[in-house]
Amino acid sequence: AVTMPTAVAGRTVHLILTHRWYDEIAAGRKLVEYRANTPRWRGRLVFPPVGRLVFHRGYTATTLARDVRSIDRGPCPYPGWETEYIRVHFEVPNE
């Protein structure tokens, strides 16, 4: 895996997720967001680095925010996602 700049303080990016992935993040079981390693996603997430993600549960008003810990590139563990992805690792807030 290639490590990219760590996002300590940066922009906020909003991402629309299906209910399944939103619920996994809300439950604390998903701590990495995967996006295709394309010019579009590199421009939104890597250069300049994003510091905070706001996840939307589909196109509803339900959201949650997570601070980004690091950004790198590498494989995705989910079946059917075989190429290299941008991986955005985020923190679980202390609740």
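Treat the numbers as computed from the prediction; the structure is a model and nothing was measured.

K.L.:
Teacher, can you tell me more about the overall build of the protein chain here?
P.N.:
The number of helices and strands found in the protein chain is two helices and six strands. Helices (α) and strands (β) of the protein chain occur, in sequence order from the N terminus, as β-β-α-β-α-β-β-β. With 95 residues in all, the protein chain has 39% of them scored as buried. In the protein chain, of all internal contacts separated by at least 6 residues, the share reaching a separation of at least 24 is 63%. For the protein chain, the accessible surface area stands at approximately 5500 Å², while carbon and sulfur atoms represent 54% of it.

K.L.:
I would appreciate a short explanation of the confidence of the model for the protein chain in the present structure.
P.N.:
Interpretation of the predicted coordinates at a detailed level should be avoided for regions scoring low in pLDDT. Considering every residue of the protein chain, the mean pLDDT works out to 88; 89% of them sit at 70 or more. Taken element by element, the predicted model of the protein chain shows its lowest mean pLDDT in strand E1 (residues 2-3) (47) and its highest in helix H1 (residues 19-26) (97). Across residues 1-8 the pLDDT falls below 50, and counting only partners more than four positions away or on other chains, this stretch makes 20 contacts in the model.

K.L.:
Would you take a moment to explain the side chain of His89 for this structure?
P.N.:
Topologically, His89 is positioned in strand E6 (residues 85-90). Filtering out sequence-adjacent residues up to four positions away, His89 remains in contact with Leu31, Val32, Val68, Arg69, Ser70 and Asp72.

Definitions and cut-offs
- Residues numbered from 1 in each chain as written.
- Predicted model: local features only at pLDDT ≥ 70, side-chain atom pairs only at ≥ 80, totals over all residues.
- Heavy atoms only, no water.
- Helix = DSSP H or I, 4+ residues; strand = E, 2+ residues; numbered from the N terminus.
- Buried < 20%, exposed > 50% of the residue type's maximum accessible area, 1.4 Å probe, protein only.
- Contact = heavy atoms within 4.5 Å.
- Areas by Shrake-Rupley, 256 points an atom, 1.4 Å probe, with all protein chains shown as cover.
- pLDDT = per-residue confidence, 0-100.

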